[in-house]
Amino acid sequence: MRIIVTEDYEGLSIETARIIAGQLALIPRSVLGLATGGTPLGTYQKLIDYHHQHHLDFSQATSFNLDEYVGVATDNPHSYHAYMFKNLFDAINIHRKNIHIPNGMAGDLERECAAYETAIENAGGIDLQLLGIGNNGHIGFNEPDLSFEAITHVVKLDDQTIRANARFFSRPEEVPQYAVSMGIKTIMRARTILLLANGSGKADVIHQALFGEISPRIPASILQLHPNVIVVLEQDAATKLPKTYPNKFLLF
Ligand code: F6R
């Protein structure tokens, strides 16, 4: 695991966008796993800048988003579909046919989940998976659980997650209770994982996830067992890391 600590959110966004741009430069046909939420917004803006200023090319790339709310239509501004088009896809040259986001409006959600998993396999698997982390340690919407077994599945969102998501909705009753999410197994099959965290509110969970017990109670702790994880932390999210961690790579 390589841990990069940046001075601020701008630095986190630049460092993460550079890693993604490097992946695309080396392998233009890369399969990218993408996340929503507040943390990757700066990264997406940097990728848009690199596309416009340095011709970063997405024309051969394929993307799979981690998750989508159940029962929120794709044209609803709160959907993750809307988020991704507004914050990234509309401003880069990725082909519509290569974009994949779970359909939370599918009549048969189980079938949708199985088809999503098959589509990832058919694309050759995910080369680089971007992740944020929830305050409860979730990655994707894999909430604290009793096992690490899941592939793409329907999730009942945790109360803590519902409260955290409420900031994006005008009324509490609008906040979705269910989502379709890649499972822990889906995420762990990615060749490289890029985990981001910003702000002091994530310091405890980052410490637990990276240095605590590997347990489904902190879903992100499974990442300790992945052979190729890069963690990019804004320095306030890194305050609880052991000072002696040998491979910590400080970027100031
Ligand atoms: C989003 C996702 C979530 C978020 C996590 C952190 O697609 O899967 O796991 O990454 O909730 O969200 P922020 O970045 O808003 O703190």
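Here we summarise the structure given alongside this text. The structure presented is a predicted model; accordingly, all values stated were derived computationally and were not measured. (Residues numbered from 1 in each chain as written. Predicted model: local features only at pLDDT ≥ 70, side-chain atom pairs only at ≥ 80, totals over all residues. Heavy atoms only, no water.)

**Topic: the site of the ligand**
Part 1: Neighbouring the ligand are 14 residues, the closest being Thr39, Asp67, His138, Gly140 and Lys202.
Part 2: Within the side chain of aspartate 67, an N or O atom sits 2.5 Å from an oxygen atom of the ligand.
Part 3: Arginine 167 has a polar side-chain atom sitting 2.9 Å from an oxygen atom of the ligand.
Part 4: Burial of the ligand by the protein amounts to 92% of the accessible area it has alone, namely 410 Å².
Part 5: When grouped by side-chain class, the residues that make up the shell around the ligand number three nonpolar, eight polar and three charged. (Near = heavy atom within 4 Å. Polar contact = N/O pair within 3.5 Å; in protein donor to acceptor, adjacent residues only side chain to side chain. Areas by Shrake-Rupley, 256 points an atom, 1.4 Å probe, with all protein chains shown as cover. Nonpolar A, V, L, I, M, F, W, Y, C, P; charged D, E, K, R; others polar.)

**Observations concerning helix H7 (residues 203–211)**
Part 1: Here H7 has its buried residues at Ala203, Val205, Ile206, Ala209 and Leu210. The arc that holds the buried residues of H7, viewed along the axis, is 160°, so those residues lie on one side.
Part 2: Summarising the contacts, the buried residues of H7 are in contact with strand S1 (2–6), strand S9 (192–197) and strand S10 (229–234). (Buried < 20%, exposed > 50% of the residue type's maximum accessible area, 1.4 Å probe, protein only. Helix = DSSP H or I, 4+ residues; strand = E, 2+ residues; numbered from the N terminus. Arc of directions from axis to C-beta. Contact = heavy atoms within 4.5 Å.)

**Things to note about the side chain of asparagine 65**
Part 1: Relative to the elements of secondary structure, asparagine 65 occurs in strand S3 (residues 62–65).
Part 2: According to the relative accessible area criterion, asparagine 65 is buried, its value standing at 0%.
Part 3: A polar atom in the side chain of asparagine 65 sits 3.5 Å from the backbone oxygen of leucine 34.
Part 4: Aside from chain neighbours lying at most four places away, what touches asparagine 65 is Leu34, Ala35, Thr36, Met84, Phe89, His100, Ile101, Pro102, Tyr116 and Met182.

**A closer look at the packing of helix H1 (residues 9–26) against helix H2 (residues 41–54)**
Part 1: Two numbers describe how H1 lies on H2: the axes approach to 8 Å, and their chain directions differ by 55°. With respect to each other, H1 and H2 are oriented oblique. As H1 runs across H2, the sense of the crossing is right-handed. Along the contact surface, H1 presents Tyr9, Glu10, Leu12, Ser13, Ile14, Thr16, Ala17, Arg18, Ile20 and Ala21, while H2 presents Leu41, Gly42, Thr43, Lys46, Leu47 and Tyr50. (Axes fitted to C-alpha atoms, helices over the stretch in contact; angles between N-to-C directions. Parallel < 35°, antiparallel > 145°, perpendicular 65-115°, else oblique. Left-handed = near helix turned anticlockwise from the far one by under 90°.)

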